[in-house]
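Take a look at the letters that make up each chain.
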Amino acid sequence: MPKIEPLSPDTLRARPAPGDIPRDGSLAVLPAPGPSEILQPRATRALNTALSLMGPEFNVFLCGSPNLGRTYFVRDFLAPHAAAAPAPPDYIYVTNYDDPDQPRAIRLAAGQGRSFKAALGKAVAAIREEIPLRLEQEAYVAKRQNLLRAFQNKREEIYQEMEDTAQAAGFSLDIDDQGGLTLYPLVEGKVVGGEDFDRLDPGLRKELKARGEKVMDDMGGYLRRISQEERGLRDREKQLVRETVAEILEAHLSAPERDFGGHEELAAYFKAMREDILENVDSLLPREPAPQGDRPGEAPWTPEDVFARYDVNLFVDNGKTTGAPVIVCDHPSYFNLLGCIERETEMGAMYTDFTLVKAGAIHRANGGYCIIKIDDLAACPGAWEGLLRALRSRLARIEDPADYAEHTRTKTIEPQPIPLSLKVILVGSDETYEALLYGDDRFAKLFKIKAHMQDTVPRTKENIGLVLGLLSRIIKEAELAPFDADALEELINEASLMAEDQQKISLHLPLIRDIMIEAQTLAKTRGLPSVGADTVSAVRKARVFRANLWEEEYLAEYDREMIKVATDGQAVGRANGLSVREYSGYSFGLPHQIACSVGVGHGGILDLEREAELGGPIHTKGMMILKSYLLHLFAKNKPLVMTGSLCFEQSYAEIEGDSASGAELAALLSALAEIPIRLCYAFTGAVSQSGAIMAVGGVNQKIEGFFEVCRRRGLTGTQGVLIPKDNVVNLMLKDEVVEAVTQGKFHIYPVETIEDALEILTGQPAGRPDAGGGFPEGAIYRKVDDRLARMGEIAAKWGDQARYCR
């Protein structure tokens, strides 16, 4: 078997090829890649499909992991499409004169809503001001005086007839200022009343009373005539006021009607408004102020109170909107998303009207696009339910959420629903999408387009150029100092480190943006005109220092040897495994001593982590694979009679994953073969049933963790880490590790099989089975096979003695 060589320094991290990074200052003029058709092809095609489908059910769920710039991406994508679309219409709410509790919604061309509101407001203000002035003009006063004189003359005529009738019957009629009637009998031409009347002959008194009652009955007819004349006067006065107000309306409403009367609904509204004003003209007239103190607490009457019903609620104003609106609803509460009916208090009572109806995000986005983060929407269940109802019915209703609560409703209004035509783009994770897809049938019916954003792209020259274009946009939008070519190379390498792949670039550009902003600040503090690689590197180190307290605490325990992990020497049944820990988003690697002991018995391989309920299911599966590997290799011609135990020493937390199964198998084989393992090496890799070493995660953190422990103790030149060969492409190691490898002080070995690993760890050949299942003399596997055979013989011998004793 050829000897496995350690990796060369140039394979430990990716470096841009010549020409990938412009070094002539041309980054400042690099065009940013529009909607990223190349960087996000699936999401872009899905969004294009959604925009081409007109049905209300083809809304979009944009999937992607956090820090991909999901909202920025979709806004960037929608911008040119929205700009090319026409501006959506305005919507206004006005009084429904047939049913004031159901305000009317009127659709107008973009910009006409504000114009109509201004024109009508100006006209109503002029009408409000002119009515009291016109009613004080001489022409109106003269006409009203004529009506009053005519009424008074007629009333005097009726009074005269009443007096003549009374005198003809022998009575004198007295009419007071309040219109009260009093009859006095005439006896011998003289008025008789009071005591004089009582001294009259009883028979005469009786006769006078009877005649007086008849006269009073006759007076009732005259009084009814007077009442009719009074009603006629009021009707004529009201008609005079109507004629006067009609002239005012004609003078001030003719211009708005001429400008907007071509709109069918507005023409009908103007007609209904005129009729309502003339029908309720009495309420528009000035009132005499109530005496001070008559009604304490009552607000004085003002004409605005009455004329408020002729206001216009500019519900949605697209007058300044260029193209279709793109609305990002950052706080999708019920009211913010679906609109609301506000209320005001007056004298301790709450009231509302159509002017207090407020638009929500779906109304402002109507005719365009509404972007909502699903995590924010999930915090408002009522808003989610309302959104689904609106999309399903294609109507945007303004309702109180209290309408669905089990308590008494307060009096409210029901504005006319507005037809809904928009695309809703929900932004969330894949897990949320799956939960909604299988947990809510309505979601699958209304959000039929899934736009999936990818985390990485291949590290090609073309993609590097596209990413650099995005970085140039970040520099421009954030107004950052220039970044030189070396700094850009560091940022591209940082993107590959985030992807944990030399051949890929992470698209988590918001995280790169954070580094760029910190680097700009540091460069400014240092008085540098531009940002260089040293500044970016200093920012990375500063970020690590802020987050690595727990890592330093652990490393201090290794320094004091409170945690027992050897980095030199050798031992039987011992191997250095590697794990990754994460605290508050910062992950780091640590070495662990894996120990194994074996003996005769039928217990098999005991996973002490599982026995202690500290091992997860994937770790348990890895242990089962070890058993399968031993059966495949050593149990073809004999049973395996052994008891062994494996554990992570000084590990008191839960263990999950199978990345240590290779080191566990090496420790087990070392214990069986009684061959020591070199503890200057650490080993990470998952093992298959055939002995292949498979790729694992966190390989960079694991290597750097073992390197740091070795560096603190002193590098000997023999130390290193064994990794799966498939993980070489994932290496993006820090400069200190690369420098140590370059100087020959640290080594990284790629292995493909457990046999490769054993030969490096022990310095002895593992051996390959021959046709009969045997192994060559002196090989590790020959010693394992012989040991298992002896253990089987011992078990059989003791089994025979146990039967003999019985």
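Residues numbered from 1 in each chain as written. Predicted model: local features only at pLDDT ≥ 70, side-chain atom pairs only at ≥ 80, totals over all residues. Heavy atoms only, no water.

**Describing the packing of aromatic side chains**
Following the criterion strictly, the structure yields 23 aromatic pairs and no others. Geometrically, the ring pair formed by F61 and F443 is edge-to-face, given 5.7 Å between the ring centres and 85° between the ring planes. Of this pair, F61 sits in strand β1 (residues 60-63) while F443 is found in helix α15 (residues 441-446), placing the two residues 382 residues apart along the sequence. Since its relative accessible area comes to 0%, F443 is described here as buried. Consider the rings of F443 and F447, whose centres lie 5.4 Å apart with planes at 20°: the pair is stacked. (Phe/Tyr/Trp six-rings, centres within 6.5 Å; stacked < 30°, edge-to-face > 60°. Helix = DSSP H or I, 4+ residues; strand = E, 2+ residues; numbered from the N terminus. Buried < 20%, exposed > 50% of the residue type's maximum accessible area, 1.4 Å probe, protein only.)

**Some details on the environment of I780**
Tracing the backbone through its elements, the reader meets I780 in helix α27 (residues 780-805). Residue I780 is classed as buried on the basis of its relative accessible area, which comes to 2%. For the pair I780 and L51, spaced 729 residues apart in the sequence, the C-alpha separation amounts to 65 Å.

**Re the sheet that holds strand β29 (residues 720-724)**
Taking strand neighbours across the sheet as the criterion, the seven strands line up as β23-β24-β22-β21-β26-β29-β30 in an open arrangement whose pairing is mixed. Taken across any chain shown, the strands that pair with only one partner, and hence form the sheet edges, are β23 (604-607) and β30 (747-751). Shown here is a sheet whose adjacent strand axes are inclined to one another by a mean of 30°, direction ignored. Bridge count between β29 and β30: five bridges; the pairing is parallel. Across the sheet, G720 pairs through a bridge with H747, a residue of β30. Where helix α26 (residues 754-762) meets the sheet, it contacts β26 (681-683), β29 and β30, and its direction lies at approximately 165° from that of β26. (Pairing = 2+ DSSP bridges. Axes fitted to C-alpha atoms, helices over the stretch in contact; angles between N-to-C directions. Contact = heavy atoms within 4.5 Å.)

**Description of the nonpolar core**
In this structure, L62, I425, L471, F483, L491 and M516 are the most contacted members of the largest nonpolar core, which totals 52 residues. With eight residues, helix α16 (residues 461-477) is the largest single contributor of residues to this core. Not counting residues up to four positions away in its chain, the partners in contact with L491 are L471, F483, I512, I515, M516 and V536. In terms of nonpolar packing, the next biggest core, distinct from the first, is built from 48 residues, I605, L633, L669 and Y681 among them. (Core = buried A, V, L, I, M, F, W, Y, C linked by side-chain atoms within 4.5 Å.)

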